[in-house]
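Structural description and commentary
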There are 2 protein chains.
Amino acid sequence: MKTSAAACSNTAFWQERTLPLRDAIELLSGKWKICIIQNLTIGALRFKDLHERVRGISPKVLSKELQDLEQNQLVTRTVNDTRPVTVSYALTEHADAIQPVLDALIEFGSKHRKMITGK
Amino acid sequence: MKTSAAACSNTAFWQERTLPLRDAIELLSGKWKICIIQNLTIGALRFKDLHERVRGISPKVLSKELQDLEQNQLVTRTVNDTRPVTVSYALTEHADAIQPVLDALIEFGSKHRKMITGK
DNA sequence: ACCATTGATTACCTTTAGGAAAGTGACTTT
DNA sequence: AAAGTCACTTTCCTAAAGGTAATCAATGGT
């Protein structure tokens, strides 16, 4: 029997979806990255403000996650010329492509929460 | 200075987005769950077929992830009345809400891949 | 000189994810 | 009786994620 599943299992189409999906998962999965990005969607934030908004994260982890996002060109780092030096983080244009992921996750999370906590 | 960020930091609105987002991340993050769900979007699959399609996963991990998805009512488990017993896994209606997440991730992953491998 | 602020970094530790390999049990085929 | 199939399960292990706490360097204020 040849199901539609079997029919597309060897196609380029499948790879064209699977590989990018794995890339995205590898880049975004973990406890913090998506939360950090969400907090930056409203505009640039300094390290300290981000640290306060992303509840529960430690400075060590925040620093590491930001470096990771910067390397992947999703976030820019700008040192400001202020009295105690401050550093601003902002999303790049490239990060706009994450907005739909965020929206979809929030939508799903809401539905899921309603379903689990008794419909 | 009161930025738009500061303006909404204490609102119910922010929580209404942050809590579901954290739920979704907790449920879906990890190396395999989203891949498994993607493979089930085309229809029910038996354990063995799923194991072959989700390249690289071990039976132990596949089994664990499926139990987890079942508990969260995203997947159903059906024992079939076949010669060697087979078990089919299928997405629930509730899992439809994940489709937009999948699409968004694939779209983002494609763009990201193009950008990283030299625009 | 001393303290405060900001943005980290370091050392240390615990927890969790996940991989490899083998085994189990129900059943069928040879 | 032996071997194979399917769906797991178990054991053992490593690597990565992530938490706590302390420290550092630059700067400015008192």
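Refer to the preceding data block for the structure.
Residues numbered from 1 in each chain as written. Chains lettered and ligands numbered in written order. Predicted model: local features only at pLDDT ≥ 70, side-chain atom pairs only at ≥ 80, totals over all residues. Heavy atoms only, no water.

Details of the sheet that holds strand S2 (residues 75–80) of chain B
Adjacent strands of a sheet form backbone hydrogen bonds with each other and so pair up, either parallel or antiparallel. All names here are of chain B. Ordered by their spatial adjacency, 3 strands build an open sheet running S1-S3-S2, and the pairing between neighbours is antiparallel. Both edges of this open sheet fall to strand S1 (45–46) and S2, since each of them pairs with a single strand only. Inspection of the sheet shows S1 paired to strand S3 (residues 86–91) by 2 bridges, in the antiparallel sense. In the strand pairing of S3, Arg 46 is matched with Ser 88. Taken strand by strand, helix H3 (residues 33–40) contacts S1, S2 and S3, and its axis lies near 95 degrees from that of S3. (Pairing = 2+ DSSP bridges. Helix = DSSP H or I, 4+ residues; strand = E, 2+ residues; numbered from the N terminus. Contact = heavy atoms within 4.5 Å. Axes fitted to C-alpha atoms, helices over the stretch in contact; angles between N-to-C directions.)

Digging into the pattern of salt bridges
Applying the stated criterion across every chain, the model contains 16 salt bridges over all chains. For the salt bridge of Glu 65 of chain B with Lys 64 of chain B, the shortest nitrogen-to-oxygen distance reads 3.8 Å. What you see here is one network of salt bridges that share partners, running through Lys 33, Lys 64, Glu 65 and Asp 68 of chain A. (Salt bridge = Lys/Arg side-chain N within 4 Å of Asp/Glu carboxyl O.)

Re the protein's contact with DNA strand C
Neighbouring residues of DNA strand C: 20 residues in total, closest Lys 48, Arg 77 and Tyr 89 of chain A together with Lys 31 and Lys 60 of chain B. Among all atoms of DNA strand C positioned within 4 Å of the protein, those belonging to sugar or phosphate total 68%. At 3.3 Å, a backbone N or O of Val 85 of chain A approaches a sugar or linking oxygen of DNA strand C. Residue Lys 31 of chain B places a main-chain N or O atom 2.7 Å away from a phosphate oxygen belonging to DNA strand C. Secondary-structure elements contributing two or more residues to the surface near DNA strand C are helix H4 (47–53), helix H5 (59–71) and strand S3 (86–91) of chain A together with helix H5 (59–71) of chain B. Looking at the surface near DNA strand C residue by residue, the class counts come to 8 nonpolar, 4 polar and 8 charged. (Near = heavy atom within 4 Å. Polar contact = N/O pair within 3.5 Å; in protein donor to acceptor, adjacent residues only side chain to side chain. Nonpolar A, V, L, I, M, F, W, Y, C, P; charged D, E, K, R; others polar.)

Regarding the protein's contact with DNA strand D
Around DNA strand D lies a shell of 21 residues, among which Lys 31 and Lys 60 of chain A together with Arg 77, Val 87 and Tyr 89 of chain B are the nearest. Here, DNA strand D places atoms within 4 Å of the protein, and 65% of those atoms are sugar or phosphate. Within the contact set of DNA strand D, a phosphate oxygen lies 2.9 Å away from a backbone nitrogen or oxygen of Lys 48 of chain B. In this structure, a phosphate oxygen belonging to DNA strand D sits 2.5 Å away from a side-chain N or O atom of Tyr 89 of chain B. For the surface near DNA strand D, the secondary structure elements donating two or more residues are H5 of chain A together with helix H4 (47–53), H5 and S3 of chain B. A per-element tally of the surface near DNA strand D places H5 of chain B first, with 4 residues. Partitioned by chemical class, the residues of the surface near DNA strand D number 8 nonpolar, 5 polar and 8 charged.

What about the relation of the copies chain B and chain A?
With an axial shift of 0.0 Å and an RMSD of 0.0 Å, the rotation relating chain B to chain A amounts to 180 degrees. Taken together, the rotation and translation relating the two chain copies correspond to the operation of a two-fold axis. The overlap is high: 100% of the interface residues of chain B also sit at the interface in chain A, so the same surface is used on both sides. (Least-squares fit on C-alpha atoms with pLDDT ≥ 70 in both.)

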